Amino acid sequence: MSSRLWLPLIFLALFALCIGLMVGSVVVPAQDIFSAIFSREPSLNHDIIFNLRLPRVTTAFICGALLALSGLLLQVLLRNPLADPYILGVSGGASLAGLVAMVLGASWFILQMSAFAGAGLAIALVFGLSYRASGWRIENLLLVGVIVSAGFGALITLLLTLAPANDVRGMLFWLMGDLSHADAPWLAASVLVVCAAITLYQSASLDVLSLGEGKAKSLGVNVDSLQRLIYFCAAAACAAVVMTAGALGFVGLIAPHAARKLGATDHRRLTLASMLIGGSLVCLADSLARSLIAPQQLPVGVLMALLGVPAMLFLLTRRR
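The shown structure was predicted, so the numbers you read here are calculated from the model rather than taken from an experiment.

Q: I'm lost on empty space enclosed by the protein in this one. Help?
A: Rolled over the atoms, a probe with the dimensions of a water molecule shows which regions are left empty. One pass over the full model with this rule turns up two cavities of 30 Å³ or more. The computed volume of the largest cavity comes to approximately 50 Å³. Ranked by residues supplied to the lining of the largest cavity, first place goes to helix 11 (residues 223–245) with four residues. Partitioning the lining of the largest cavity into residue classes produces seven nonpolar, two polar and no charged. Estimates place the volume of the second largest cavity at around 30 Å³. Along its surface, the second largest cavity is lined by Ser70, Leu74, Pro85, Leu88, Val90, Ala234, Ala235 and Cys238. Elements that contribute at least two residues to the lining of the second largest cavity include exactly helix 3 (44–78) and helix 11. Top contributing element to the lining of the second largest cavity by residue count: helix 11, with three residues. For the lining of the second largest cavity, the per-class residue count stands at seven nonpolar, one polar and no charged.

Q: Mind showing me how you'd approach the pattern of salt bridges here?
A: Oppositely charged side chains can form a pair if their charged atoms are brought close together. Overall, the coordinates contain three salt bridges when judged by the stated rule. One salt bridge connects Asp286 with Arg56, and the closest N-O pair in it is separated by 2.8 Å. Placement of the pair is Asp286 in helix 13 (residues 267–291) and Arg56 in helix 3, with a sequence separation of 230 residues. Just as Asp286 is buried, Arg56 falls in that class too. The salt bridge involving Asp266 is made with Arg269; its shortest N-O contact spans 2.8 Å. A single network of salt bridges, built from pairs that share partners, joins Arg56, Asp286 and Arg290.

Q: So what exactly am I meant to see when it comes to the packing of helix 3 against helix 13 here?
A: A packed helix pair is summarised by two numbers, namely the angle formed by the two axes and the spacing between the axes. Between helix 3 and helix 13, the least distance of the axes is 7 Å, while the angle of their chain directions is 135°. One way to sum up the angle between helix 3 and helix 13 is to call them oblique. The hand of the helix 3/helix 13 crossing is right-handed. Class assignment for the residues of the contact of helix 3 with helix 13 results in 13 nonpolar, seven polar and four charged.

Parameters and conventions
Residues numbered from 1 in each chain as written. Predicted model: local features only at pLDDT ≥ 70, side-chain atom pairs only at ≥ 80, totals over all residues. Heavy atoms only, no water. 1 Å grid on protein atoms, 1.4 Å probe; cavity = no way out; pocket = protein on both sides within 12 Å on 5 of 7 lines; lining within 4 Å. Points joined across faces, edges and corners; volume = space filled by probe spheres on them. Helix = DSSP H or I, 4+ residues; strand = E, 2+ residues; numbered from the N terminus. Nonpolar A, V, L, I, M, F, W, Y, C, P; charged D, E, K, R; others polar. Salt bridge = Lys/Arg side-chain N within 4 Å of Asp/Glu carboxyl O. Buried < 20%, exposed > 50% of the residue type's maximum accessible area, 1.4 Å probe, protein only. Axes fitted to C-alpha atoms, helices over the stretch in contact; angles between N-to-C directions. Parallel < 35°, antiparallel > 145°, perpendicular 65-115°, else oblique. Left-handed = near helix turned anticlockwise from the far one by under 90°.

In structure tokens:
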């Protein structure tokens, strides 16, 4: 990837973060943002930025980076360019457990813990059913993941059908991505740091694995261990997102492809570029969700798909 393209990506990330701080029910001019950040004097803009928007914008960027990283890892693991973070049932398990907590009237913290537990159950279930004594088979992982995901989807639909009418709207809003409760992104940030560090450390092995298992084994890569590490990193990243903000779709698919179209080839650069693109996309989508019909908010996942579909079509049809 040309070093000249890092500046546009960093500028895109800073622009998305700045837009996220500016727009909403109350528009805060750019100069007032810097004044509020560097001044300790209490003011309305200071409260809006630090108490409302900064935690949400930070969480949006972290969630986008996590989804991009998860999508990149799964595309390497499955050697399928259409793989995304929700293909292996982790999102379904987390969503189902979160919705059950929501129906029972649990607090937001209990809902997050329930989603985390549901994601852990899905990870264990898919891994346990796809791993055999004879070794790891990617075909089994993909097949089991798709089946488990379909099962969780059916249970989610059944739960929505049986849930009280007053709860259905909130449940659907959360399923489509909800950042309105994003006030403590530290767990998601911790998962991002750990998973990104592991991915960057294993980037050379990922480059070799992308050429095929046989080639990787001939070059001394422990393929089975690397594949298990990729799976658990991708699953943990997806679980952290669903636990924090619900199901935000399309980011894990489009961000790695956008990074490749921009010229990133090795996985060290792909990792960093994908995270910058994914975080920026979710920030921009969340800004639109908060400002299009303010003060009412739209589901972030819907706007993410509306932004992602034309962007993906453009990337696929663009000639380099």
